[in-house]
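Below are the chains, spelled out letter by letter.
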Amino acid sequence: TGSSLSGSITTGDNGTGVVTFAGNYTVVGVVGGSGNALGTLQANTADSLVQFNNDIYATTILFNAQNSILLADGKSIAGAITNTTSSDGTLTFAGDGTMAGDIGGSSNLIGTVSNNVIDKLVQFDGDVYAVNVLLNANGTITLADGKSITALVTNTTDTDGTLTFAGDGTVVGNVGVQTTNNIGTVSNNAADKLVQFDGDVYAVNLLFNANNSILMADGKSIAGAITNTTSTEGTLTFAGDGSVVGD
């Protein structure tokens, strides 16, 4: 239950205006517009849910308490997502989605970023700073070229989920959880690109999907099968001590 806003939210000047949600709310229309972004959207009430059924264009989307934002299937967010207290906030994608902007920051980790629907793709075009990046069904998360994830990447069901890198990328944190929450597939998809893992990788398959490179940080391990789509492609490098449990 909660209130609903059926129209769109707009502003006269790009980057101006503040909309504050004081509880559960559903926004049916578009928020802002391309080249005419709202200044700030903020969710202010603990344990509340704000659902957006359309695209969001805002300079800042702010978790001002421990609450949740839900984005409808096929919609996008153009803006930066942050919080006032690190580890607060849950950002959930109810289907396909695109995030054009950073999620969190080094001092403002979002609590959970979640892909919730089977066979759906969420694309991150900015860096992601979160406590957990959660594959909550057998869906896919794609990280844009040159971007990073600082978080534990995990799932709710062992072997679910695909984490794909569209180019160079870095993960600061473990991918999967040993024994209980292996990611289905971790894939490096672009030729001549490097993906660096600064934590351990627990996955059913670690896949070279082009002639590219994976770098494991010193003291880190891979638990899973390492393979490729084309024989002889791929370079796996260890920057120090390391281990591989799997073929």
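Residues numbered from 1 in each chain as written. Predicted model: local features only at pLDDT ≥ 70, side-chain atom pairs only at ≥ 80, totals over all residues. Heavy atoms only, no water.

1. Here we look at the overall build of the protein
Alright, step 1. Scanning the protein for helices and strands turns up zero helices and 24 strands.
Alright, step 2. Radius of gyration (C-alpha) of the protein: 19 Å, near the 18 Å computed for a compact globule of 247 residues.
Alright, step 3. Referenced to the eigenvectors of the C-alpha coordinate spread, the extents of the protein come out at roughly 55 × 35 × 30 Å.
Alright, step 4. Taken as a whole, the protein presents about 9900 Å² of accessible surface, with 45% of it coming from carbon and sulfur.
Alright, step 5. Of the side-chain charges in the protein, 5 are positive and 21 negative, and the distance between the mean point of each set is 6 Å. (Helix = DSSP H or I, 4+ residues; strand = E, 2+ residues; numbered from the N terminus. Rg over C-alpha atoms; globule rule 2.2 N^0.38 Å. Areas by Shrake-Rupley, 256 points an atom, 1.4 Å probe, with all protein chains shown as cover. Lys, Arg positive; Asp, Glu negative; His and termini not counted. Charge placed at Lys NZ, Arg CZ, Asp CG, Glu CD.)

2. A word on the environment of G7
Alright, step 1. Topologically, G7 is positioned in the loop between β1 (3-5) and β2 (16-21).
Alright, step 2. In this structure G7 comes out as partly exposed when scored by relative accessible area, which is 30%.
Alright, step 3. Spatially, the C-alpha atom of G7 lies 5.0 Å from that of G29, the residues being 22 residues apart in sequence. (Buried < 20%, exposed > 50% of the residue type's maximum accessible area, 1.4 Å probe, protein only.)

3. Side note on unusual backbone geometry
Alright, step 1. If you check the backbone angles, S87 has positive phi at about 85° while not being a glycine.
Alright, step 2. As for its placement among the helices and strands, S87 is situated in the loop between β8 (75-83) and β9 (90-93).
Alright, step 3. Positive phi values are uncommon outside glycine, yet T179 reaches one of about 75°.
Alright, step 4. Judged by its relative accessible area of 64%, T179 is exposed.

4. Looking at the sheet that holds strand β4 (residues 38-43)
Hydrogen bonding along the main chain pairs the strands of a sheet, whether they run parallel or antiparallel.
Alright, step 1. The twelve strands are arranged β2-β4-β6-β8-β10-β12-β14-β16-β18-β20-β22-β24 in an open sheet whose pairing can be described as parallel. Taken across any chain shown, the strands that pair with only one partner, and hence form the sheet edges, are β2 and β24 (242-245). Each strand axis lies, on average, 30° off the axis of its neighbour in the sheet, ignoring direction.
Alright, step 2. Examined bridge by bridge, strand β6 (residues 56-63) and β8 share six bridges and lie parallel to one another. Each residue of the ladder has a partner; that of T60, found in β8, is A80. (Pairing = 2+ DSSP bridges. Axes fitted to C-alpha atoms, helices over the stretch in contact; angles between N-to-C directions.)

5. Overview of the side chain of N188
Alright, step 1. Here N188 shows up in strand β18 (residues 183-188).
Alright, step 2. One polar contact links the side chain of N188 to the main-chain carbonyl oxygen of S213, over a distance of 2.9 Å.
Alright, step 3. The contacts of N188, once residues within four sequence positions are left out, are F165, G167, K193, V195, L207, F208, N209, A210, N212, S213 and I214. (Polar contact = N/O pair within 3.5 Å; in protein donor to acceptor, adjacent residues only side chain to side chain. Contact = heavy atoms within 4.5 Å.)

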